[in-house]
Amino acid sequence: MRDRPNIVLVHGAWAEGFCWSGVIERLQAQGFQVRAPQFPLTSLPDDVARLRQVLEFQEGPTIVVGHSYGGQIMTALGEEAPNVVGLVYIAAFGLDEGESLGALLSGSPRTPAMAHTFTDSRGFVWLSEDDFVNHFAADVDETWARVMYAVQQALAMSAFDDVMGVPAWKSVPSWYLVAQNDEAIPPDAERRFAQRMGATTIEIPSSHVAMVSHPAEVAELIGQAAASLGAAASPAS
């Protein structure tokens, strides 16, 4: 099974590593070595440092997969990403050099999933329960969506001001999954990210949390990326 690349999964804001469980189960069944660490979400440099920490003990080629703000984290690896052979964006931010999340988001109305965010006394941004359940995770079973809401990890407000350096997607092949029913990042914005990075792109009728509601399609895209890179054999039956 060592002919397959490692897979490192990067969760985004208001999520955590376990949100990848359905994808992890499928990838492990195909023989992939998978990691889905927890990220502090305290600042972009802190989150990139955590990703580098996990990448350091991966043996051989590695594909990094990011969801939402997780795309910001892996993009910020820049040109210094040893053993990273591919990037897979799942309804994720794919900023270019000089851009920031705050500047990007300030140019358009708030999306339904972020309509009622609030910032606590320590400068961390949270989603309201209604917005999380009915918009952020709109196509997830309501009971499970409420569990996801309960364990959400808030994002430091400072992360919106962090400016992107040279993006990793300029030197690493990329794939992109557009969530057509996304109410957190507009699908058209996702299409623009994918187009300018030259990513191999698929679209599915999913909410923002495609890895939860459509784990099979997400795992399939990751498998296709691995196969096209020549780093993995055909999926095991």
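Our subject in this report is the structure included herewith. Counting restarts for each chain, with residues numbered from 1 along the sequence as it is written. Owing to the predicted nature of the model, reporting of local features is limited to residues with pLDDT of at least 70; listing and counting of side-chain atom pairs is limited to 80 or more, with chain, interface and lining totals taken over all residues. Where side-chain values are given, they derive from all heavy atoms of the structure, hydrogens and water being excluded.

### Remarks on the layout of surface pockets
Working step 1: Two kinds of site are reported from a 1 Å grid over the protein atoms alone, namely cavities, where a 1.4 Å probe fits but cannot get out, and pockets, open sets with protein on both sides within 12 Å along at least five of seven lines, and residues are called lining when an atom falls within 4 Å of a point. Grid points are joined across faces, edges and corners, and a volume is the space filled by probe spheres set on the points. Roughly 490 Å³ of volume is contained in the largest pocket.
Working step 2: Along the walls of the largest pocket sit 24 residues, with L101, L104, L105, S106 and S108 positioned nearest its centre.
Working step 3: Numbering of helices and strands starts at the N terminus; helices are DSSP runs of H or I of at least 4 residues and strands are runs of E of at least 2. For the lining of the largest pocket, the elements supplying multiple residues, two or more each, are α4 (101-106), β5 (118-119) and α7 (187-196).
Working step 4: Basically, the charged four are Asp, Glu, Lys and Arg, the nonpolar ten are Ala, Val, Leu, Ile, Met, Phe, Trp, Tyr, Cys and Pro, and anything else, Gly included, counts as polar. Across the lining of the largest pocket, the residue classes tally to 15 nonpolar, 6 polar and 3 charged.

### A look at the nonpolar core
Working step 1: Buried Ala, Val, Leu, Ile, Met, Phe, Trp, Tyr and Cys residues that are joined via side-chain atoms within 4.5 Å together make up what is termed a nonpolar core. Any residue under 20% of the maximum accessible area for its type is buried, any over 50% is exposed, and the rest in between are partly exposed; the area is computed with a 1.4 Å probe on protein chains only. Within the largest apolar cluster, 78 residues are counted, with the highest numbers of intra-cluster contacts made by W20 and L51.
Working step 2: Tallying contributions element by element places helix α9 (residues 215-228) first for this core, with 6 residues.

### Let's talk about the packing of helix α1 (residues 21-29) against α9
Working step 1: To obtain each axis, a line is fitted to C-alpha atoms, and for helices this fit is confined to the stretch in contact; angles are then taken between N-to-C directions over 0 to 180 degrees. Look at α1 against α9: their axes get within 8 Å of each other, and the N-to-C directions meet at 50°. By the angle between their axes, α1 is oblique relative to α9. In the packing of α1 onto α9, the handedness of the crossing is right-handed. Of α9, the residues touching α1 (which contributes G22, V23, R26 and L27) are P215, A216, V218, A219 and I222.
Working step 2: Split into classes, the residues belonging to the contact of α1 with α9 amount to 7 nonpolar, 1 polar and 1 charged. By the definition adopted for this analysis, an angle is roughly parallel if under 35 degrees, roughly antiparallel if over 145, roughly perpendicular if from 65 to 115, and oblique otherwise. Definitions for this section: a left-handed crossing has its near helix turned counterclockwise from the far helix by less than a right angle. A right-handed crossing has that turn clockwise. Only heavy atoms enter the contact rule, under which two residues are in contact if any of them lie within 4.5 Å.

### So, α7
Working step 1: Within the span of α7, buried status applies to P187, A189, E190, F193 and A194. Viewed along the axis of α7, the buried residues span an arc of 160°, placing them on a single side of the element. For α7, the exposed residues lying more than 90 degrees away from the buried face are R192 and Q195.
Working step 2: Against α4, β8 (174-179) and β9 (200-204) lie the buried residues of α7.
Working step 3: Positive phi shows up at G198, right after α7, with a value of about 65°. By definition, the arc is the one covered by directions from the helix axis to the C-beta atoms.

### Looking at the sheet that holds strand β7 (residues 155-156)
Working step 1: Spatially, the 3 strands line up as an open sheet ordered β5-β6-β7, and their pairing is antiparallel. The open sheet terminates on both sides in strands that have one partner only, identified here as β5 and β7.
Working step 2: Two strands are counted as paired when DSSP detects at least two bridges linking them. Pairing between strand β6 (residues 124-126) and β7: 2 bridges, direction antiparallel. Note on β7: the bridge partner recorded for V125 is L155.

### Regarding empty space enclosed by the protein
The rolling of a water-molecule-sized probe over the atoms marks out the regions of remaining empty space.
Working step 1: In this structure the tally under the stated criterion is 2 cavities of 30 Å³ or more.
Working step 2: In this structure, the largest cavity spans a volume of roughly 90 Å³.
Working step 3: Around the largest cavity, the lining comprises 14 residues; the ones closest to its centre are A13, W14, S68, F93 and M114.
Working step 4: Counted as a void, the second largest cavity has a volume near 40 Å³.
Working step 5: For the second largest cavity, the full set of lining residues is W14, A15, E16, C19, F132, M148, V151 and Q152.
Working step 6: Split into classes, the residues belonging to the lining of the second largest cavity amount to 6 nonpolar, 1 polar and 1 charged.

Nothing here speaks to function; it is geometry throughout.
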